[in-house]
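Structural overview for review
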Amino acid sequence: MKKLPILSAAFLLLIATTAVIGQNTRFSDPDTVIRDEFWGKLYADGGQSFFCDTPFTSKGFLLTDGYVYPLADIRSALSCGTSRQCEQDNRYRQIASDLHNMVPVRNRIEMQRRNVRYDNIGDVAKPDECGIRASAQFFEPPGRVKGDVARTMAYMVSTYDLPWLGATSVFKGWNRQDPPDDNELTRHRRIAEIQGNENPFVNNPEQLEQL
């Protein structure tokens, strides 16, 4: 009979360990991660801007580190205060350091995406040169990265218990419409190597349907 408490404790430890593996536990200094891991490793040899698919060889003045789940919305969800106050919050620092949520973005687009929600806008707005449709309240990414956005959003929501930034049905539709391609899979593999955890919705997109 004495074995039962031991087995129960082992089971709880397994659950706790699995939960830890499912999120970023390696990094908690956003500025250092952006400099050393994001630009210094993940995009050390250049790449392509996320929304516009524009090639670059190094970070220039037109590019910035963008966030699929914007930092302002993370601060709001955590109720940690101003930007400076949240920088002292360990939970915020961990989430803001997660490479799975970071993408290279044009400065103009990153400014445009603040305080908006993801949605299908359709003919309400004409697409710009990158294929983006945007209004004062909503943002529709180009079709080739809609799935990337959906799977990143699902990761942030399920991993850090954050609210959806749009209708769940929209993200599920984008996930089905745009399955993981070679670029997304390669980027995901590199992040997993650097950060130590994966986005399960990239490896198994069908899991998003269960949310």
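Relevant structure appears above.
Structural notes, computed from the coordinates. (Residues numbered from 1 in each chain as written. Predicted model: local features only at pLDDT ≥ 70, side-chain atom pairs only at ≥ 80, totals over all residues. Heavy atoms only, no water.)

1. Quick look at the sheet that holds strand β5 (residues 117-118)
Strand order in the open sheet formed by three strands is β5-β7-β6, and the pairing between neighbours is mixed. The strands lining the two open edges of the sheet, one partner per strand, are β5 and β6 (133-134). (Pairing = 2+ DSSP bridges. Helix = DSSP H or I, 4+ residues; strand = E, 2+ residues; numbered from the N terminus.)

2. A short note on the pairing of strand β3 (residues 63-67)
Of all five residues making up β3, five are buried, and the element is well covered by its neighbours. Taken together, the five bridges between β3 and strand β4 (residues 102-106) define a ladder with antiparallel strand orientation. The residue of β4 that forms the bridge with Y67 is M102. (Buried < 20%, exposed > 50% of the residue type's maximum accessible area, 1.4 Å probe, protein only.)

3. A few points about the state of the cysteines
A covalent bond between the sulfur atoms of two cysteines is referred to as a disulfide. This structure, assessed with the given rule, holds two disulfides. Disulfide partner of C52: C130, at an S-S distance of 1.9 Å. With the S-S dihedral at roughly 90°, the linkage between C52 and C130 falls on the right-handed side. Note that C52 is positioned in the loop between β1 (47-48) and β2 (55-56) and C130 in the loop between β5 and β6, a separation of 78 residues in sequence. The exposure classification of C52 matches that of C130, with both residues buried. (Disulfide = S-S within 2.5 Å.)

4. Thoughts on the environment of R133
Relative to the assigned elements, R133 resides in strand β6. With 16 residues separating them along the chain, R133 and V149 place their C-alpha atoms 14 Å apart. Leaving out residues up to four positions away in the same chain, R133 has contacts with I121, G122, D123, A125, K126, P127, F138, F139 and E140. (Contact = heavy atoms within 4.5 Å.)

5. Remarks on the pattern of salt bridges
In this structure the tally under the stated criterion is ten salt bridges. One salt bridge in this structure joins E193 and R190, with 3.3 Å as the shortest N-O distance. Here E193 pairs with R190, and both are found in helix α9 (residues 182-195), just three residues apart, close to one helical turn. Look at the salt bridges and you will find they share partners, linking R106, R108 and E129 into a network. (Salt bridge = Lys/Arg side-chain N within 4 Å of Asp/Glu carboxyl O.)

6. Overview of the nonpolar core
Counting 50 residues, the largest nonpolar core has F51 and Y118 as its most contacted members. Those elements giving two or more residues to this core turn out to be α2 (30-42), β3, α3 (71-78), α5 (90-96), β4, α7 (146-160), α8 (168-177) and α9. With eight residues, α7 is the largest single contributor of residues to this core. (Core = buried A, V, L, I, M, F, W, Y, C linked by side-chain atoms within 4.5 Å.)

7. Some details on α7
Here α7 spans 21 Å end to end across 15 residues, near enough to the 21 Å set by a 1.5 Å rise per residue. Immediately beyond the C-terminal end of α7, within one or two residues, lies D161, with a positive phi of roughly 55°. (Expected span 1.5 Å × (residues − 1).)

8. Remarks on the packing of α7 against α8
At a minimum axis separation of 7 Å, α7 and α8 run at an interaxial angle of 130°. The pairing of α7 with α8 is recorded here as oblique in orientation. As α7 packs across α8, the resulting crossing turns out to be left-handed. In contact with K146, G147, V149, A150, R151 and M153 of α7, α8 contributes F171, W174, N175 and Q177. Grouping the constituent residues of the contact of α7 with α8 by class yields five nonpolar, three polar and two charged. (Axes fitted to C-alpha atoms, helices over the stretch in contact; angles between N-to-C directions. Parallel < 35°, antiparallel > 145°, perpendicular 65-115°, else oblique. Left-handed = near helix turned anticlockwise from the far one by under 90°. Nonpolar A, V, L, I, M, F, W, Y, C, P; charged D, E, K, R; others polar.)

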